[in-house]
Amino acid sequence: MSTEGPEMEIVHLLRAVTVELGLHSSRFATRNGMHPTDVRALIALMDASRAGDEMTAGRLGSALGLNSAGTTAVLDRLEGAGHVRRVRGRRDRRKVVVEVDERAVELGRSFFGPLIEQAVQLLRGYDERERAAIRGFLEGMREAAAEDR
């Protein structure tokens, strides 16, 4: 494995961005009396909602790498804080799914919105070919990081 060169410079930069994003997320958790896993759970739930998927507790636990007891603890904390609710599934009423409350979405938007807007502005500075390359790199890295899950 090469330890020098422009590729490694980008790998180190990606690591630094990952650390900074983690710290940013931790500040949000701390300011709102949440555990960092609670924030990850809310993100997973919002991503599922955006994709039109219903998220059960079991699917959420798998996405977070938690066992049943850990998932229940996360959901109990989030539900107790009013961030999520457990409801019957729209497609299958026998299933219980977890939905994010709009107040939690607004809380996240108020904190992460400025950073998201900066990312959008940066991406607008690239043409479609460059954005496709960035997207391809990030998707590949996400898949590589998830391989051991």
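Cut-off values and rules
- Residues numbered from 1 in each chain as written.
- Predicted model: local features only at pLDDT ≥ 70, side-chain atom pairs only at ≥ 80, totals over all residues.
- Heavy atoms only, no water.
- Helix = DSSP H or I, 4+ residues; strand = E, 2+ residues; numbered from the N terminus.
- Buried < 20%, exposed > 50% of the residue type's maximum accessible area, 1.4 Å probe, protein only.
- Lys, Arg positive; Asp, Glu negative; His and termini not counted.
- Charge placed at Lys NZ, Arg CZ, Asp CG, Glu CD.
- Axes fitted to C-alpha atoms, helices over the stretch in contact; angles between N-to-C directions.
- Parallel < 35°, antiparallel > 145°, perpendicular 65-115°, else oblique.
- Contact = heavy atoms within 4.5 Å.
- Nonpolar A, V, L, I, M, F, W, Y, C, P; charged D, E, K, R; others polar.
- Expected span 1.5 Å × (residues − 1).
- Polar contact = N/O pair within 3.5 Å; in protein donor to acceptor, adjacent residues only side chain to side chain.
- Pairing = 2+ DSSP bridges.

Visitor: What am I meant to see in the overall build of the protein here?
Guide: Looking only at helices and strands, the protein features six helices and three strands. Beginning at the N terminus, the succession of helices and strands in the protein can be written as α-α-β-α-α-β-β-α-α. Seen along its three principal axes, the alpha-carbon backbone of the protein occupies a region of about 55 × 35 × 30 Å. For the protein, with 149 residues in total, the buried portion stands at 24%. Taking the average location of the 23 positive side-chain charges in the protein and that of its 23 negative ones, the two points are 7 Å from each other.

Visitor: I'm lost on the packing of helix α2 (residues 36–50) against helix α4 (residues 68–80) in this one. Help?
Guide: When two helices pack together, their arrangement is given by the angle between their axes and by how far apart the axes lie. Where α2 meets α4, the closest approach of the two axes is 10 Å, and the angle between their N-to-C directions is 85 degrees. Judged by the inter-axis angle, α2 sits roughly perpendicular to α4. On the side of α2, the interface is formed by Thr37, Asp38, Ala41 and Leu42, while α4 contributes Val74, Arg77 and Leu78. For the contact of α2 with α4, a count of residues per class yields four nonpolar, one polar and two charged.

Visitor: Where do I start with helix α5 (residues 102–124) in this structure?
Guide: The periodicity of an α-helix, 3.6 residues per turn, causes residues three or four positions apart to be oriented the same way. For α5, built from 23 residues, the straight-helix expectation of 33 Å at 1.5 Å per residue is missed by more than 12%, its first-to-last C-alpha distance being only 28 Å. Those residues of α5 lying buried are Ala104, Val105, Gly108, Phe111 and Phe112. Among the structural elements, α1 (6–31), α2 and β3 (96–100) are those in contact with the buried residues of α5. Where α5 begins, the capping side chain belongs to Asp101, and its oxygen is found 2.8 Å from the backbone nitrogen of Arg103.

Visitor: Help me out: how do you make sense of the environment of Gly5 in this one?
Guide: With respect to the helices and strands, the residue Gly5 is situated in the segment before α1. Sequence separation between Gly5 and Val87 is 82 residues; the distance between their C-alpha atoms is 52 Å.

Visitor: How should I be thinking about the sheet that holds strand β2 (residues 84–88) in this particular structure?
Guide: Adjacent strands of a sheet pair through backbone hydrogen bonds, lying either parallel or antiparallel. Within the open sheet, the three strands sit side by side as β1-β3-β2. Their pairing is antiparallel. Looking along the sheet, the strands with just one partner apiece sit at the ends: β1 (55–56) and β2. Looking at chain direction, β2 and β3 are connected through five bridges and run antiparallel. Bridge pairing in β3 links Arg86 to Val98.

Limitation: the analysis is restricted to geometry and does not speak to function.
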